[in-house]
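Now for the letters of each chain:
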Amino acid sequence: MPAAYEIRAGGDVKNKKQSMADLKLRRLNELNSRLREDLERPRIKVSEASMSLIQYCTNTKDFMVPSMWGSVDKREDPYAPQQQGGCCTVM
């Protein structure tokens, strides 16, 4: 009658623990490198960014906000309905 269970060698467990440790070390090194890249990214102060945004919004004409810029000429407004006139109609 063959044995129902077989005895394993202890070396397999050691190899598995070592490979798990290597995997954990590799993940930590990858995380460390991502954090270093994030640290090296150029930063600006929030006050500078907000002033830059305010300056852009006040200097750039927005056709969707007529209350700030006044009425817009139909020829300048890209959102105005197009004139229906021309030489032909496609059906």
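What counts, and where the lines are drawn
Residues numbered from 1 in each chain as written. Predicted model: local features only at pLDDT ≥ 70, side-chain atom pairs only at ≥ 80, totals over all residues. Heavy atoms only, no water. UniProt positions renumbered as here; feature names shortened; annotations may be inferred. Helix = DSSP H or I, 4+ residues; strand = E, 2+ residues; numbered from the N terminus. Buried < 20%, exposed > 50% of the residue type's maximum accessible area, 1.4 Å probe, protein only. Areas by Shrake-Rupley, 256 points an atom, 1.4 Å probe, with all protein chains shown as cover. Patch = residues over 30% accessible without salt bridge, like charges linked within 9 Å, V, L, I, M, F, W, Y side chains within 5 Å. Salt bridge = Lys/Arg side-chain N within 4 Å of Asp/Glu carboxyl O.

For the protein chain, the name recorded in an unreviewed UniProt entry is Guanine nucleotide-binding protein subunit gamma, with Stereocaulon virgatum as its organism. Heading Subcellular location (unreviewed entry) of the UniProt record for the protein chain holds this comment: "Membrane".

## Some remarks on the overall build of the protein chain
Broken down by element type, the protein chain carries 3 helices and 0 strands. When the helices and strands of the protein chain are placed in sequence order, the string is α-α-α. Counting only residues that meet the buried cut, the protein chain has 2% of its 91 residues in that class. Total accessible area computed for the protein chain in this model is approximately 9,600 Å², and 57% of it derives from carbon and sulfur atoms.

## A look at a nonpolar patch on the surface
Taken together, the side chains of Met 64, Val 65, Met 68 and Tyr 79 present a nonpolar region at the surface, about 440 Å² in accessible area. On the basis of relative accessible area, Tyr 79 is assigned to the exposed category, the value being 57%.

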